[in-house]
Amino acid sequence: MPANQDRYENAVARYFEAWNAGGKEALTKAVAAAWTADGTYTDPPPEGGPPADVRGHDGIAAVIAGAHEQFPGFEFRLTGAVDGHHDLARFSWELVAVADGSAPVAGFDVITLSDDGRIRSVHGFLDRVPAGA
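The shown structure was predicted, so the numbers you read here are calculated from the model rather than taken from an experiment. (Residues numbered from 1 in each chain as written. Predicted model: local features only at pLDDT ≥ 70, side-chain atom pairs only at ≥ 80, totals over all residues. Heavy atoms only, no water.)

Undergrad: Run through the pattern of salt bridges, naming residues and quoting values.
TA: A complete count under the given rule lists seven salt bridges for this structure. Between Asp 87 and Arg 7 there is a salt bridge whose closest N-O contact spans 3.0 Å. Here Arg 7 lies in helix H1 (residues 5–19) and Asp 87 lies in the loop between strand E3 (74–85) and strand E4 (88–97), a separation of 80 residues in the sequence. Judged by relative accessible area, Asp 87 falls into the partly exposed class, the value being 29%. A salt bridge links Asp 83 to Arg 90; the nearest nitrogen and oxygen atoms lie 3.0 Å apart. Overall, the relative accessible area of 47% leaves Arg 90 in the partly exposed class. Linked through salt bridges whose partners overlap, the residues forming this network are Arg 7, Asp 87 and Arg 120. (Salt bridge = Lys/Arg side-chain N within 4 Å of Asp/Glu carboxyl O. Helix = DSSP H or I, 4+ residues; strand = E, 2+ residues; numbered from the N terminus. Buried < 20%, exposed > 50% of the residue type's maximum accessible area, 1.4 Å probe, protein only.)

Below you can see the structure in the form of structure tokens.
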């Protein structure tokens, strides 16, 4: 186990807290706890949609809020272990329907951490996306 494993796992836990935050105030607080003020989030474009390429807490919160609007009743869940070295970590996730456990979207992210353990950047990759999403 890497010496910094707790650092990686804590950062990823805060990441999921942000992605699963309910309500604007909770989301704002969770994003600030997880990302640096100038943190970035970059995802490939879903089929037919624009890519996510934002900087700062407001941009990141807007991307998360958009995902909540597109997939109401879903939550993001870690799948597998967090792997990291230096200031980098990677992990896989699924977007899961709370009602029935289906997971139409899955991917993995690579994050860069700041000295204080918050996220400086996220580079996302989509492995499974439903048609038209």
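Let's pick the thread back up.
Undergrad: Explain the pairing of strand E5 (residues 105–113) to me, using residue names and the numbers behind them.
TA: Here eight bridges tie E4 to E5, and the two strands are oriented antiparallel to one another. Counted as the bridge partner of Ala 89 is Ile 111 from E5. As paired elements, E5 and strand E6 (residues 119–128) share eight bridges and run antiparallel to each other. Bridge pairing in E6 places Thr 112 opposite Ser 121. Hairpin connection of E5 to E6: five residues between the antiparallel strands, including Gly 117 at a positive phi of 90°. (Pairing = 2+ DSSP bridges.)

Undergrad: So what's going on with the sheet that holds E4? Which residues, and what values?
TA: The strand order across the open sheet built from six strands is E2-E1-E6-E5-E4-E3, with neighbouring strands paired in mixed fashion. The open sheet has two edge strands, strand E2 (52–55) and E3, and neither has a second partner. Looking at each pair of strands side by side, their axes are set apart by 20° on average, direction ignored. Alignment of strand E1 (residues 35–43) against E6, held across four bridges, turns out to be parallel. Its bridge partner being in E6, Trp 35 is matched across the sheet by Ile 119. Across the sheet, H1 touches E1, E3, E4, E5 and E6, and the angle it forms with E3 is around 160°. Sheet strands in contact with helix H3 (residues 56–70) are E1 and E2, and its direction is about 40° off that of E1. (Axes fitted to C-alpha atoms, helices over the stretch in contact; angles between N-to-C directions. Contact = heavy atoms within 4.5 Å.)

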